[in-house]
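Next come the chains, spelled out residue by residue.
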Amino acid sequence: MAETRDPYQVLGVARDAKPEEIQRAYRTLARRQHPDINKEPGAEERFKEINEAYHVLSDPERRARYDRFGSKWRQVPDDFARAGAGAGGPGSGFSGAGVPGGGFRGAGFRGSGAGFPGSAGRGPGIDVDLEDLLGSMFGGRHAAGPVPGADTQAGITIGVEDAFRGGRRQVTLPGPDGRPRRYDVNIPAGVIEGQRIRLAGQGNPGVAGGPPGDLYLVVHLAPHPRFRVEGRNVVLDLPVSAWEAALGAPVPLETPGGPVRVDVPPGTSSGRRLRLRGRGLPNPRGNPGDLYAEVKIMVPPTLTEAERRLFQELGEASHFNPRNPWGG
């Protein structure tokens with residue numbers, strides 16, 4: 001079996017990195033190497049390696065065991081690991097604790113070797129190498145113990161209205177075995193682009209009775225013909241007539257949350273954004289986004305005789321020059 005790479009090197013973080021640094025590095029690398037996004041050869045293997053590294057370093061106990069035992073951390077029995085807690089002082093026998101790759105010289109394991117497999121022929125005072133000891137104790141004859149399954153990640157595309165309202169829906173994705181599988185997903189109201197939805201226990205299966213990992217669904221918002229989403233803000237066009245823009249008027253508007261009324265101020269020009277506070281995407285943990293109605297002045301494609309006459313009278317009576325609105 002190939003040697004597992006140092007998880008610190010895989011995530012590109014220092015050995016004293018804080019949990020938030022580890023999480024930030026994992027999210028960046030996982031997004032970059034996800035097979036749905038990265039089509040380069042080997043991306044899927046790199047993605048699995050990143051997940052495994054995060055599995056080790058995201059849990060304080062697993063990280064501490066790795067720091068003490070290196071690549072052998074899974075094979076060290078719990079009792080043995082607990083017995084060495086706090087070791088590292090004079091005579092403790094853990095002179096290399098925390099050194100990458102294990103770093104154990106076995107200085108504290110001196111004696112006749114009685115009771116240790118493979119120690120026959122070694123007399124009193126013979127150093128016992130921990131690497132050899134672990135290899136003989138666990139080399140193929142004993143299971144390494146339960147290993148939790150790795151977390152997995154996939155994309156899910158939803159509409160703007162679904163993001164606004166939330167709700168339950170079923171999605172079909174490749175399961176851990178590669179075959180199509182149907183998942184029930186609870187979409188929270190106010191979910192935004194790039195947010196992850198966690199499906200507990202739906203990731204890769206564990207080994208030797210270990211619990212399965214989790215499945216994370218990365219949300220993507222489908223393009224909408226009328227709504228544009230900017231973070232939690234929603235932007236949409238507000239068509240108005242020339243006289244509504246000039247005189248001001250209440251104008252009905254359909255939004256992701258339902259119909260509302262927008263008061264267009266007198267003298268409004270195309271491109272002006274009218275803000276409706278709190279009418280954007282909801283936010284379960286804070287203030288909701290806003291809705292911006294961008295004015296677009298529309299004129300009739302064809303004019304009746306009466307409309308033509310009125311526009312002509314307006315043109316003759318007005319001194320307004322739209323190409324020089326401040327100079328008259």
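Data block above holds the structure.
Values in this document were obtained by computation on a predicted structure and should not be read as measured data.

A.B. asks: Any chance you could break down the overall build of the chain for me, citing the residues and the numbers?
C.D. replies: Each helix and strand in the chain was counted, giving nine helices and 13 strands. Counting only residues that meet the buried cut, the chain has 33% of its 328 residues in that class.

A.B. asks: Got a sec to walk through the sheet that holds strand β7 (residues 215–221)? Specific residues and values, please.
C.D. replies: The three strands lie next to each other as β3-β7-β6, forming an open sheet whose pairing is mixed. Because the sheet does not close on itself, it has two edges, and the strands there are β3 (152–158) and β6 (196–199). Between one strand axis and the next, the sheet turns through 30° on average, direction left out of account. As judged from the four bridges shared by β6 and β7, these two strands associate in the antiparallel manner. Paired with L199 across the strands is L215, a residue of β7.

A.B. asks: Give me the lowdown on the nonpolar core, citing residues and values where you can.
C.D. replies: Within the largest apolar cluster, 35 residues are counted, with the highest numbers of intra-cluster contacts made by I158, V185, L217, L238 and L253. The residues contacting I158, other than those within four sequence positions of it, are A163, R169, I187, V191, V219, H220, L221 and A222. By size, the runner-up hydrophobic cluster in this structure holds 19 residues, among which are I22, F47, I50 and A53.

A.B. asks: Describe the pairing of strand β10 (residues 249–255), listing the residues and the values that go with them.
C.D. replies: In β10, alternate side chains face the same way, and those of A249, V251, L253 and T255 are buried while those of P250, P252 and E254 on the opposite face are not. Of the strand pairs in this sheet, β10 and strand β11 (residues 258–264) are connected by seven bridges, and their pairing is antiparallel. Looking across to β11, one finds that P250 is bridged to D263. Hairpin connection between β10 and β11: a loop of two residues separates the two successive antiparallel strands.

A.B. asks: Can you lay out the pattern of salt bridges for me, pointing to particular residues and giving the numbers?
C.D. replies: A complete count under the given rule lists 13 salt bridges for this structure. With a closest N to O distance of 3.9 Å, E44 and K48 form a salt bridge. Here the residue E44 and the residue K48 both occupy positions in helix α3 (residues 43–57), the gap between them amounting to four residues, near one helical turn. Given a relative accessible area of 45%, E44 falls into the partly exposed group. We note a salt bridge from D263 to R261, for which the minimum N-O separation is 3.4 Å. One connected set of salt bridges, linked through shared partners, spans D6, R15 and D67.

A.B. asks: Quick rundown of the packing of aromatic side chains? Include the residues and the values.
C.D. replies: Summed over the entire model, instances satisfying the criterion amount to two aromatic pairs. The interplanar angle of 50° and the centroid separation of 6.3 Å between the aromatic rings of Y8 and Y66 together place this pair among those described as tilted. Of the two residues, Y8 sits in helix α1 (residues 7–11) while Y66 sits in helix α4 (residues 60–69), which places them 58 residues apart along the sequence. Among the residues examined, Y66 registers a relative accessible area of 6% and is labelled buried. For the cation-ring pair, R196 lies above Y216, with the distance from its terminal atom to the ring centre recorded as 4.0 Å. The ring of Y292 has R273 sitting right over it, with the charged end atom 5.7 Å from the ring centre.

A.B. asks: Can you explain the pairing of β7? Please cite residues and give values.
C.D. replies: Judged by how many residues are buried, β7 sits mostly within the fold: six of seven residues are covered. Here seven bridges tie β3 to β7, and the two strands are oriented parallel to one another. Bridge pairing in β7 links I156 to V219.

A.B. asks: Please give an account of the layout of surface pockets that cites residues and values.
C.D. replies: Taken as a whole, the second largest pocket encloses approximately 590 Å³ of empty space. Along the walls of the second largest pocket sit 16 residues, with A242, A246, F311, L314 and F320 positioned nearest its centre. Secondary structure elements with two or more residues in the lining of the second largest pocket: α8 (242–247) and α9 (305–317). Top element by residues in the lining of the second largest pocket is α9. It accounts for five residues. Classifying every residue of the lining of the second largest pocket by side-chain character gives 10 nonpolar, five polar and one charged.

A.B. asks: Lay out the packing of α3 against α4 in plain terms, naming residues and giving numbers.
C.D. replies: A pair of packed helices is characterised by two quantities: the angle between their axes and the separation of those axes. Relative to each other, α3 and α4 sit at 95°, their axes nearing to 6 Å. When the axis of α3 is compared with that of α4, the two are roughly perpendicular. In this structure, α3 uses H55, V56 and L57 to contact α4, whose residues at the interface are R62, R63 and Y66. For the contact of α3 with α4, the residue count by class is three nonpolar, one polar and two charged.

Rules behind the numbers
- Residues numbered from 1 in each chain as written.
- Predicted model: local features only at pLDDT ≥ 70, side-chain atom pairs only at ≥ 80, totals over all residues.
- Heavy atoms only, no water.
- Helix = DSSP H or I, 4+ residues; strand = E, 2+ residues; numbered from the N terminus.
- Buried < 20%, exposed > 50% of the residue type's maximum accessible area, 1.4 Å probe, protein only.
- Pairing = 2+ DSSP bridges.
- Axes fitted to C-alpha atoms, helices over the stretch in contact; angles between N-to-C directions.
- Core = buried A, V, L, I, M, F, W, Y, C linked by side-chain atoms within 4.5 Å.
- Contact = heavy atoms within 4.5 Å.
- Salt bridge = Lys/Arg side-chain N within 4 Å of Asp/Glu carboxyl O.
- Phe/Tyr/Trp six-rings, centres within 6.5 Å; stacked < 30°, edge-to-face > 60°.
- Lys NZ or Arg CZ within 6 Å of the ring centre and 35° of its normal.
- 1 Å grid on protein atoms, 1.4 Å probe; cavity = no way out; pocket = protein on both sides within 12 Å on 5 of 7 lines; lining within 4 Å.
- Points joined across faces, edges and corners; volume = space filled by probe spheres on them.
- Nonpolar A, V, L, I, M, F, W, Y, C, P; charged D, E, K, R; others polar.
- Parallel < 35°, antiparallel > 145°, perpendicular 65-115°, else oblique.

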